[in-house]
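An overview of the molecular structure
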Amino acid sequence: MLGKGIFKKPKNTLEASPFEATAKKPGASGEVCVKCPACRTALFLGDLAANGRICPRCGAYFRMGARERLDSVCDADSFEELFSGVVSGDPLRFPDYENKLAQARARSGEPEAVVCGTARLGGVPMAIFAMEPEFMLGSMGAALGEKVTLLFEQATLNRLPVVGFTVSGGARMQEGILSLMQMAKTSGAVRRHGDAGLLYICVLTDPTTGGVTASFAMQGDITLAEPGALVGFAGPRVIEQTMRQKLPERFQRAEFLLEKGFVDAIVGRREMKQTLSLLLRLHGGEAAV
Amino acid sequence: MSAIESVRAARASGRPTGLDFIRNIFEDFFELHGDRRFGDDRAVVAGVARLDGLPVTVIALEKGHTTKEKLERNFGSAHPEGYRKALRQMKLAEKFRRPVVCFVDTAGAYCGIGAEERGQGQAIAEILMECMGLETPVISVLIGEGGSGGALALAVADEVWMLQNAVYSVISPEGCASILWKDASRTAEAAECLKLTAGDLLALGVVERVLPETGEDFAPLYARLKRDLAETLRSLGATDARALAALRYERFRKFGVVKA
């Protein structure tokens, strides 16, 4: 059940996120337009990007790419990428997987569904990862697991805190059991980082589900979530099929998780950087000279 | 046997379940209930027992045999409290320096409203993280279905063994066929592609040992399993517990064919 619904167009209204940037089409002026699925306002893509991918009219959040995310929280020119050469192979020779990978790379402009590195945030050095929604919806295969593991290992060695942004449909089923093994592998690396007395802050963004939720997304010392983010183990469609009943409107949204005790705080995009900076400093982070 | 035949054999209703393995391999089994947080998940059976004289902790995912039992056991699909119960027993095993034996047989962790409300993802994430550092020997045996994260939760072990006709996969072949190809009739093909049989998983290094089955008579298998478990747990027990956890880390660290 992990990874269910990665490729299927959502039929369920809960999964059809109002935050997804869809329907790109050139407007009258030739500029690319998107319609906000929440308030139906037509928006220029450039304006949306300049506004942190938040609808200027109604405040709905659109999904954010990994690079945009890193830019939004890291100090200017401080990000240094790590492990960019670690990319997915096709270990099981799964039908059509090479093709899907090529499409994902073209669509996202990234070699893999996570971007890792070191950076400073409010001057404080840290290790950071951000997952990429446009790359097979951040599904976890061996390369993704390897990059996250390497990042935690390096952060442990260099005594750095880790800040992570998750977005994932779950396991990458084309890598079969090897994708499942990444849950254990990454969990081990997070544990060692924690055993060394180091801080891990995980920010859950829309959507975070399946094997990523059941591993490093839920292992932070502090777990933050973006408003309205869908976070769960099973996707809502799978649950509706199992239970044969409609789910409540805000089920599995960040606010629901806060109420049930599974996230520490909901933090808006505009407050994200200052919140992370505060938390890093409260855990002993000092600005590098 | 083809992959889909293994899937069918692993799910066959007459197949022995976790409790059958406990009853036929261990002595003095005493069941310990509850997670001390919410309730007692009957899909997970846990307790203390002796194995060839050695005190051990035993944890099994239990599907049940009759319809009544299956309903009681939620068909072997655990809720978060089941994983928290298992983790509680693992921590006790660590405290009392007992090894842990897990029997895995589940279609997957339960997908439902209650399971989500009580943090299914967090419960699995926690047991995975704890098991990666658990300072006592752990052996997991896949006896039937090994369904995704719900199975892995009890299979972060020093050695993972598998019955000849058991299967272990990130997703069911039905789920894979319907999601990837939108075609449920291609389930057999999906089963092949997922490499979920004991032979495939041995070749991939996901399991250390495949235990041959002898038709419907499981007595020879129980006898062999008892001997093998006792021997391996004694040998793992001779290793320093912290070194053992480090070896377990390396065991999982190696997974992934990646172009560097």
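Everything quoted here is computed from the prediction, not taken from an experiment.

Rules of the game
- Residues numbered from 1 in each chain as written.
- Chains lettered and ligands numbered in written order.
- Predicted model: local features only at pLDDT ≥ 70, side-chain atom pairs only at ≥ 80, totals over all residues.
- Heavy atoms only, no water.
- Helix = DSSP H or I, 4+ residues; strand = E, 2+ residues; numbered from the N terminus.
- Buried < 20%, exposed > 50% of the residue type's maximum accessible area, 1.4 Å probe, protein only.
- Contact = heavy atoms within 4.5 Å.
- Areas by Shrake-Rupley, 256 points an atom, 1.4 Å probe, with all protein chains shown as cover.
- Axes fitted to C-alpha atoms, helices over the stretch in contact; angles between N-to-C directions.
- Parallel < 35°, antiparallel > 145°, perpendicular 65-115°, else oblique.
- Nonpolar A, V, L, I, M, F, W, Y, C, P; charged D, E, K, R; others polar.
- Salt bridge = Lys/Arg side-chain N within 4 Å of Asp/Glu carboxyl O.
- Polar contact = N/O pair within 3.5 Å; in protein donor to acceptor, adjacent residues only side chain to side chain.
- Core = buried A, V, L, I, M, F, W, Y, C linked by side-chain atoms within 4.5 Å.
- Domains from an automatic or database assignment.
- Buried area = accessible area lost by both parts, 1.4 Å probe.
- Pairing = 2+ DSSP bridges.
- Phe/Tyr/Trp six-rings, centres within 6.5 Å; stacked < 30°, edge-to-face > 60°.
- Lys NZ or Arg CZ within 6 Å of the ring centre and 35° of its normal.

1. Focus on the overall build of chain A
- From N to C terminus, chain A includes nine helices and 11 strands.
- Burial analysis of chain A (289 residues in total) assigns 61% to the buried set.
- Counting only contacts in chain A whose residues sit at least 6 apart along the sequence, the fraction spanning at least 24 positions is 70%.
- Here chain A displays about 11,000 Å² of accessible surface, and carbon together with sulfur accounts for 50% of that area.

2. Overview of the packing of helix 1 (residues 3–11) of chain B against helix 9 (residues 187–194) of chain B
All names here are of chain B.
- At a closest axis distance of 7 Å, the pairing of helix 1 and helix 9 adopts a crossing angle of 95°. Classed by the angle they form, the pair helix 1 and helix 9 counts as roughly perpendicular. Between helix 1, through Ala3, Ile4 and Val7, and helix 9, the contact on the second element is made entirely by Thr187, Ala188, Ala191 and Glu192.
- When grouped by side-chain class, the residues that make up the contact of helix 1 with helix 9 number five nonpolar, one polar and one charged.

3. Some words on the interface of chain B and chain A
- Residue-level contacts link 55 residues of chain B with 62 residues of chain A.
- Residue Glu146 of chain A is joined to Arg253 of chain B by a salt bridge in which the shortest nitrogen-to-oxygen separation is 3.0 Å.
- The interface formed by chain B and chain A includes 12 residue pairs in polar contact (both at pLDDT 80 or more).
- For the side of chain B that touches chain A, the elements supplying multiple residues, two or more each, are helix 5 (113–117), helix 6 (120–131), helix 7 (148–152), strand 7 (167–169), helix 8 (173–180), helix 9, helix 12 (241–253) and strand 9 (258–259) of chain B.
- In terms of residue count, helix 6 of chain B provides more of the side of chain B that touches chain A than any other element does, eight residues in total.

4. Quick word on the nonpolar core
- Of all hydrophobic cores here, the largest spans 150 residues; its most connected members are Phe26, Phe103, Tyr168 and Leu229 of chain B.
- In terms of residue count, helix 5 (residues 176–195) of chain A provides more of this core than any other element does, eight residues in total.
- Beyond its immediate sequence surroundings of up to four residues, Tyr168 of chain B is in contact with Ile177, Leu180 and Met181 of chain A together with Leu142, Gly146, Ala151, Leu152, Ala155, Met162, Leu196, Leu201 and Val206 of chain B.
- Grouped together as the second largest cluster of nonpolar side chains are 23 residues, Ala119, Val124, Val203 and Leu276 of chain A included.

5. Examining the domain arrangement of chain A
Residues and elements named next belong to chain A.
- Once the domains are mapped, chain A shows domain 1 (17–62) and domain 2 (64–282).
- Using C-alpha coordinates to define each centre, domain 1 is positioned 24 Å away from domain 2.
- Each side of the interface is counted separately: domain 1 has nine residues, and domain 2 has nine residues.
- For the pair domain 1 and domain 2, the two sides together bury roughly 830 Å², of which 47% comes from carbon and sulfur.
- Between Arg53 and Glu68 there is a salt bridge, with its nearest N and O atoms 3.7 Å apart.
- The tally of links from domain 1 across to domain 2 stands at five residue pairs in polar contact (both at pLDDT 80 or more).
- When grouped by side-chain class, the residues that make up the side of domain 1 that touches domain 2 number five nonpolar, three polar and one charged.

6. Some remarks on the pairing of strand 2 (residues 44–51) of chain B
All names here are of chain B.
- Counting buried positions along strand 2 yields six of eight residues, so the element is predominantly enclosed.
- As judged from the three bridges shared by strand 1 (residues 27–31) and strand 2, these two strands associate in the antiparallel manner. Across the sheet, residue Glu27 finds its bridge partner in strand 2, namely Arg50.
- In the sheet, strand 2 pairs with strand 3 (residues 54–61) via eight bridges, with the strands oriented antiparallel. Paired with Gly47 across the two strands is Val58, which belongs to strand 3.
- Taking the residues between adjacent antiparallel strands as the criterion, strand 2 and strand 3 are bridged by two residues, where Asp52 takes a positive phi near 50°.

7. Re the sheet that holds strand 8 (residues 162–168) of chain A
Residues and elements named next belong to chain A.
- Taken together, seven strands build an open sheet; the order of strands is 4-6-7-8-9-10-11 and the sheet is mixed. Single-partner strands in this sheet number two, and they are strand 4 (80–82) and strand 11 (265–266).
- Sheet topology note: the strand 6 (residues 114–121)/strand 7 (residues 124–131) ladder contains eight bridges and is antiparallel. By the bridge assignment for strand 7, Ala119 is matched with Met126.

8. Considering the packing of aromatic side chains
- One pass over the full model with this rule turns up 11 aromatic pairs over all chains.
- Aromatic side chains Phe251 of chain A and Phe256 of chain A sit 5.0 Å apart centroid to centroid with 65° between the ring planes, which places their arrangement in the edge-to-face category. An identical accessibility class is assigned to Phe251 of chain A and Phe256 of chain A; each is buried.
- Ring centres of Phe21 of chain B and Phe103 of chain B lie 5.5 Å apart, and the angle between their planes is 35°; this geometry places the pair in the tilted category. Remark: Phe103 of chain B occurs in strand 4 (residues 100–106) and Phe21 of chain B occurs in helix 2 (residues 18–25); sequence separation between them is 82 residues. By the burial criterion, Phe21 of chain B is buried, and Phe103 of chain B matches it.
- Members of the aromatic cluster, joined through ring pairs, are Phe21, Phe26, Phe103, Phe218 and Tyr222 of chain B.
- The cationic tip of Arg192 of chain A hangs over the ring face of Tyr249 of chain B; the distance from NZ or CZ to the ring centre is 3.6 Å.
- The positively charged end of Arg186 of chain B is found above the aromatic ring belonging to Trp181 of chain B, 4.2 Å away from the centroid.

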